[in-house]
Amino acid sequence: MLKQRLLTAIILAPLALAGLFALEGAAFALFTGAVICVAAWEWSRLSGLPKAGQIIYPVAVGLALLGVWGQPHLLHQALWAAAFFWSFALLLVFTYPKTVHWWRCPSRRALMGLFVLLPAWSGFVLLRDLGAFWLLYVLLIAWVADIFAYFTGRALGKHKLAPAVSPGKSWEGVAGGLVGTILLSLAASLYLDLAALHSLILLLTTLVITAISVLGDLTESLIKRESGMKDSSNLLPGHGGFMDRIDSLTSAVPIFALLMIHLGGGML
């Protein structure tokens, strides 16, 4: 398993980074759209859609992306839809399994996927337009939070975060992730030479996005638990599926884009 994970990472990491940072405009939208469509196919399986639905669903998502491409007002509306949805997802995660009947049927799980995937793509596109630095920054928030949370949770984790959804996650791990991203925020503020007020805004934004990235992870875990699937697919040997790699980003990217557009004027 370790060899599979390393080999997959060695092959895919350069391709992913090249796609995210070497491409711009329509090419970037197409690259990220392709990833989202694959994730949509995985979500259709997690939703329990029949075989025909597993074909129709990612095609429909792809057509929806095409429909909003080049229309900034629709991209921005998608970010606000994400803010609504992730607030609702927080309720679903921490009331599971009491509220599972709200979303258990395949059609409702499929509808949830639209709120997960479409705003994520919109956030990627809008952040890339703001510049490669801010796209890299939100990726680093998710990655640093995950790494610090993993090692802190392994060493100190005693109090479970959401045991009914993901027994391995702990409040200590979340605290460790927050420490890691605080350090990231301070480093970014120094690198950008930000004024004190803008440094504070970046710090608070970073803390919010760190927490929301955990929510994205927990929400996919929620759907996987209900579907009885360990991974969203086996497309990435040793890593599961695309959704398993981008689950925290589906929440972090659109909310970060929303906050940067409305609060980050002095930093852009």
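Above this text is the structure in question.
Residues numbered from 1 in each chain as written. Predicted model: local features only at pLDDT ≥ 70, side-chain atom pairs only at ≥ 80, totals over all residues. Heavy atoms only, no water.

### Considerations on the side chain of Ser 232
Put simply, the test is: Helix and strand labels come from DSSP, where a helix needs a run of H or I of at least four residues and a strand needs a run of E of at least two; each type is numbered from the N terminus. The rule is simple: take the accessible area with a 1.4 Å probe, protein chains only, and divide by the maximum for that residue type; under 20% is buried, over 50% is exposed, in between is partly exposed. Working rule for contacts: check all heavy atoms of both residues, and any pair within 4.5 Å makes them a contact.
Locating Ser 232 in the fold gives a position in the loop between α8 (196–227) and α9 (242–263). In this structure Ser 232 comes out as buried when scored by relative accessible area, which is 0%. Sequence-distant contacts of Ser 232, that is, excluding residues within four places in its chain, are made with Glu 42, Arg 45, Leu 46, Glu 220, Lys 224, Gly 241, Phe 242, Met 243 and Asp 244.

### Examining the packing of aromatic side chains
To keep things clear, this is the line we draw: Pairs were defined over the aromatic rings of Phe, Tyr and Trp, the Trp ring being its six-membered one, requiring ring centres within 6.5 Å. Orientation was assigned from the angle between planes: stacked under 30 degrees, edge-to-face over 60, tilted for the rest.
Following the criterion strictly, the structure yields eleven aromatic pairs and no others. Judged by centre distance (6.3 Å) and plane angle (15°), the ring pair of Phe 133 and Tyr 137 falls under stacked. Of the two residues, Phe 133 and Tyr 137 both sit in helix α6 (residues 132–156), four residues apart, roughly one turn of that helix. Judged by relative accessible area, Phe 133 falls into the partly exposed class, the value being 28%. Here Trp 134 and Phe 256 contribute two aromatic rings whose centre-to-centre distance is 6.2 Å and whose plane-to-plane angle is 45°, an arrangement assigned as tilted. Of this pair, Trp 134 sits in helix α6 while Phe 256 sits in helix α9, placing them 122 residues apart in sequence. Overall, Trp 134 belongs to the buried group, its relative accessible area being 4%. Given a relative accessible area of 0%, Phe 256 falls into the buried group. Pairwise contacts between aromatic rings join Phe 133, Trp 134, Tyr 137, Tyr 191 and Phe 256 into one cluster.

### Some details on the pattern of salt bridges
Pairing between side chains becomes possible if they bear opposite charge and their charged atoms approach one another. Definition in use: We define a salt bridge as a side-chain nitrogen of Lys or Arg found within 4 Å of a carboxyl oxygen belonging to Asp or Glu.
Enumeration according to the criterion identifies three salt bridges in this entry. Of the charged contacts, one joins Asp 244 and Lys 224 as a salt bridge, the two residues approaching to 3.0 Å between their closest N and O atoms. With Asp 244 in helix α9 and Lys 224 in helix α8, this pair connects stretches of sequence that are 20 residues apart. The class for Lys 224 is buried, based on a relative accessible area of 12%.

### Things to note about the pairing of strand β2 (residues 166–170)
So the rule is basically this: At least two DSSP bridges between two strands are needed for those strands to be called paired.
Of the pairings in the sheet, the one linking strand β1 (residues 160–162) to β2 comprises two bridges and is antiparallel in character. Looking at β2, one finds that Ala 162 is bridged to Ser 166. Hairpin connection of β1 to β2: three residues between the antiparallel strands.

### Looking at the packing of helix α2 (residues 25–47) against helix α3 (residues 51–68)
Counted only if it meets this: Every axis corresponds to a line fitted to the C-alpha atoms, with the helix fit spanning only the stretch in contact, and the corresponding angles, defined between N-to-C directions, vary from 0 to 180 degrees. Should the near helix be turned anticlockwise from the far one by less than a right angle, the crossing is left-handed, and should it be turned clockwise, the crossing is right-handed.
Remark: α2 packs on α3, axes separated minimally by 8 Å, with the N-to-C direction vectors making an angle of 145°. Taken as a pair, α2 and α3 cross one another with a handedness that is right-handed. Where α2 approaches α3, its residues Gly 33, Ile 36, Cys 37, Ala 40, Trp 41, Trp 43, Ser 44 and Arg 45 are matched on the opposing element by Gly 53, Gln 54, Tyr 57, Pro 58, Val 61, Gly 62 and Leu 65.

### Topic: the environment of Gly 177
Relative to the elements of secondary structure, Gly 177 occurs in helix α7 (residues 171–192). Taking the relative accessible area as the measure of exposure, Gly 177 reaches 3% and is therefore buried. As a C-alpha pair, Gly 177 and Ile 147 span 30 residues in sequence and 7.3 Å in three-dimensional space. Not counting chain neighbours up to four residues away, the residues in contact with Gly 177 comprise Ala 145, Phe 148, Ala 149 and Thr 210.

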